[in-house]
Amino acid sequence: MNQIREFYNLLQHSFRNLLPIIIVVAVFQFAIIRQVPDGWLPMAVGLLVVVVGVALFLQGLEMGIFPIGKNLSNEFAKKGSLFWLMIFGFCLGFSAVIAEPALIAVAGQAEMISGGEISALVLRLLVALSVGAVVALGIVRIVLGHSLHWYMIIGYLLVVTVTFFAPEEIVGLAYDSGGVTTNIVTVPLIAALGIGLAISIRGRNALTHGFGLVGLAVMVPMIAVQLYGILVYSLGDPEMVRGAAPLAEAAEDEALREVGGSVLLGMLTDLLVMFRDVLPIIAVVVLFQYLVIRRGIAHVHKVVAGFVLVIFGLYAFVVGLKLGLFPIGRSMAEQLITLDGFLFVYLFAFSIGFATTMAEPALIAIGQKAQEAGKGKLNGNTIRLLVAIGVAVGITLGVHRIIAGDSIHYYIMGGYAVVILLTWLSPRYIVALAYDLGGVTTSEVTVPLVTALGIGLATHIEDRNVLIDGFGLIAFASIFPIISVMLYAIAVELVNRWRQQP
């Protein structure tokens, strides 16, 4: 009975996360566009499937993955072995990201739109390896008590430098890949590891040292994917990719037909693919539990059931994306473009960014943890509002870039130049939290919708290339919350100094 009650609560939780999107889409659809979208029934079914999939996935995490992951973290912290902590951090980061549903969705879109020039599997492996390496580095930072700001300043200077040389086809995708690594699986696992370590080590502060792993996990994949893009487009034929871009919509329609027409035939294969995606987490857990900790898994039947639910949840989530969220984003972009001017496109981008972020569960959780760790310096609701405004402004600016046809290079390089400057000027206690907040803003439902919106705009605006112009919105959604939170902290610091003056 408890499990059924928990699942019902998770269903409600998943629906509440989706509700802001439904409200925004409904208002624009009926009050502004004033027509019912074509194929609305499959879209509605897809949204329901997403709700069920996310609920199953979360139930599986709670039953199987989180308890055993927390237990392993505690055991390694007790051992006090930096080597094993780094190995565990690497494996945890890799296994969590390789199974990240939003990354799977974005990588699949990139492979389809590029005509196979960009490999979805290679992209996912690169991002997962990057996150694994940077989690290990972040653990060393916490253990040694280093301040995060130098890591981020040097790291983003490197990001901006690589962006200058990267081909335009890969830049938006690279930043989006960094933005989607910290999501429904990664944030709870990585954040819990960082905060837990900071609390368990004498002389470390939970706010200053415990946060930051998520921010690092966003940054490094951006570098890796851009280097991959430089390699691909140096050896390959960029014109082939540019020619493949107009085929994106037809390819996606074909994918939707396959999902709708042969679900029963392909279900076993798809479930096996999902099992392959979750297998790294299972392997990490089993290997460390039995070979390093050398203890059996408590309540093993519950853990196994949790992993099964994770696999079925991932499957339902991906099917729901194809039926619901991707078509909604593409349809809204197509319909809004037909209206006079682009005012309503901007309004939709701002509304969807603000509404979805305010309801983001990972953001709520991080905000509460920050309020507890800040001991009066921070308010969780204020943090949520600042981050939501940042995301809304970022997505709106990203939409403007697509409409104007500007190069993403200058926007991204300019944005991170501001971030680097603010990192230097901000109070030290806010830096790690601000970067983490930039990584948790894009939820499992926001990412597919925002990605589809960008691709839809690039598809239907003349002289836009889907691969070059369609990606990048998630990157904007990650940059501007960092800016808004740091600006707020600087303003509060200045006001406090002014008040203290005689």
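### A word on the overall build of the chain
- Along the chain, the regular secondary structure elements total 22 helices and 0 strands.
- A sequence separation of at least 24 residues applies to 87% of the contacts in the chain between residues at least 6 apart.
- When the accessible surface of the chain is summed, it comes to about 20400 Å², and 67% of that surface belongs to carbon and sulfur atoms.

### As for a nonpolar patch on the surface
- A contiguous nonpolar patch, built from Phe15, Leu19, Ile22, Ile23 and Val27 and spanning about 390 Å² of accessible area, is present on the exposed surface.
- Leu19 gets classed as partly exposed once you look at its relative accessible area, which sits at 31%.

### Brief notes about the nonpolar core
- One finds Tyr156 and Leu433 to be the most contacted residues of the largest nonpolar core, which totals 133 residues.
- With residues up to four places along the chain from it excluded, the contact list for Leu433 reads Leu207, Phe211, Ile366, Ala370, Leu378 and Ile383.
- Core analysis: the second largest hydrophobic core is formed by 27 residues, Met274, Phe317, Val318 and Val319 among them.

### A few points about helix α1 (residues 2–33)
- Between its first and last C-alpha atoms α1 spans 44 Å; for 32 residues at 1.5 Å apiece the expected length is 46 Å, and the two agree.
- Considering bend angle alone, the principal kink of α1 is centred on Leu18 and spans about 35°; proline Pro20 follows within four residues of it.
- Along α1, the residues classified as buried are Leu10, Ser14, Asn17, Leu18, Pro20, Ile21, Val24, Val25, Phe28, Gln29 and Ile33.
- Of the residues one or two after α1, Arg34 is the one with positive phi, at around 60°.

### Here we look at the environment of Leu157
- Tracing the backbone through its elements, the reader meets Leu157 in helix α6 (residues 148–165).
- Since its relative accessible area comes to 47%, Leu157 is described here as partly exposed.

### Regarding the packing of α6 against helix α19 (residues 428–439)
- At their nearest, the axes of α6 and α19 sit 9 Å apart, and the two run at 50° to each other. Here α6 lies oblique to α19, going by the angle between them. The crossing of α6 and α19 is left-handed. Across the interface between the two elements, Leu148, His149, Met152 and Tyr156 from α6 touch Arg428, Val431, Ala432 and Tyr435 from α19.

### Some thoughts on unusual backbone geometry
- Even without being glycine, Asp463 reaches a positive phi, approximately 65°.
- Relative to the elements of secondary structure, Asp463 occurs in the loop between α20 (446–460) and α21 (466–469).

### What to know about the confidence of the model for the chain
- Looking at the chain, pLDDT values average 78 and 85% of them are 70 or higher.
- Of all secondary-structure elements in the chain, the lowest mean pLDDT belongs to helix α12 (residues 248–261), at 41, while helix α17 (residues 380–404) reaches the highest, 90.
- Residue range residues 238–263 is modelled with pLDDT below 50. Its contacts to residues more than four positions away, or to other chains, number 41 contacts.

### Thoughts on the environment of Phe94
- Within the secondary structure, Phe94 sits in helix α3 (residues 82–98).
- Dropping the residues within four chain positions of it, Phe94 is found in contact with Leu125, Ala128, Leu129, Gly132 and Pro280.

### Focus: the side chain of Asp469
- Along the chain, the position of Asp469 falls in helix α21.
- With a relative accessible area of 7%, Asp469 lands in the buried category.
- For Asp469, the contacting residues outside a window of four places in its chain are Arg401, Ile402, Asp406, Ala458 and Arg464.

### Things to note about the packing of α6 against helix α18 (residues 408–425)
- The interhelical angle for the contact between α6 and α18, taken along N-to-C directions, is 165°, at an axis separation of 10 Å. Judged by the angle between their axes, α6 and α18 are roughly antiparallel. Relative to α18, the crossing made by α6 is left-handed. Contact with α6, carried on its side by His149, Trp150, Ile153, Tyr156, Leu157, Val160, Thr163 and Phe164, involves His409, Met413, Tyr416, Ile420, Thr423 and Trp424 of α18 and no other residues of that element.
- Here the contact of α6 with α18 is composed, by residue class, of 10 nonpolar, 4 polar and no charged.

### Quick look at the packing of aromatic side chains
- Here the structure, examined in full by the defined rule, presents 10 aromatic pairs.
- Residues Phe83 and Trp84 carry aromatic rings whose centres are separated by 5.3 Å and whose planes lie at 70° to one another, so their mutual orientation is edge-to-face.
- Residue Phe83 is classed as exposed on the basis of its relative accessible area of 53%.
- Owing to a relative accessible area of 32%, Trp84 belongs among the partly exposed residues under this scheme.
- Between Tyr156 and Tyr435 the ring centres are 5.7 Å apart and the planes differ by 15°, which places this aromatic pair in the stacked class. Taken as a pair, Tyr156 in helix α6 and Tyr435 in helix α19 lie far apart in primary sequence, 279 residues in all.
- With a relative accessible area of 2%, Tyr435 lands in the buried category.

### Comments concerning the side chain of Ser484
- Among the secondary structure elements, Ser484 is positioned in helix α22 (residues 473–500).
- At a separation of 3.0 Å, a polar atom in the side chain of Ser484 contacts the main-chain carbonyl oxygen of Pro481.
- When neighbours within four sequence positions are excluded, Ser484 is seen to be in contact with Leu386, Val387 and Gly390.

What counts, and at which threshold
Residues numbered from 1 in each chain as written. Predicted model: local features only at pLDDT ≥ 70, side-chain atom pairs only at ≥ 80, totals over all residues. Heavy atoms only, no water. Helix = DSSP H or I, 4+ residues; strand = E, 2+ residues; numbered from the N terminus. Contact = heavy atoms within 4.5 Å. Areas by Shrake-Rupley, 256 points an atom, 1.4 Å probe, with all protein chains shown as cover. Patch = residues over 30% accessible without salt bridge, like charges linked within 9 Å, V, L, I, M, F, W, Y side chains within 5 Å. Salt bridge = Lys/Arg side-chain N within 4 Å of Asp/Glu carboxyl O. Buried < 20%, exposed > 50% of the residue type's maximum accessible area, 1.4 Å probe, protein only. Core = buried A, V, L, I, M, F, W, Y, C linked by side-chain atoms within 4.5 Å. Expected span 1.5 Å × (residues − 1). Bend = angle between axes of the 7 residues up to and from the residue. Axes fitted to C-alpha atoms, helices over the stretch in contact; angles between N-to-C directions. Parallel < 35°, antiparallel > 145°, perpendicular 65-115°, else oblique. Left-handed = near helix turned anticlockwise from the far one by under 90°. pLDDT = per-residue confidence, 0-100. Nonpolar A, V, L, I, M, F, W, Y, C, P; charged D, E, K, R; others polar. Phe/Tyr/Trp six-rings, centres within 6.5 Å; stacked < 30°, edge-to-face > 60°. Polar contact = N/O pair within 3.5 Å; in protein donor to acceptor, adjacent residues only side chain to side chain.

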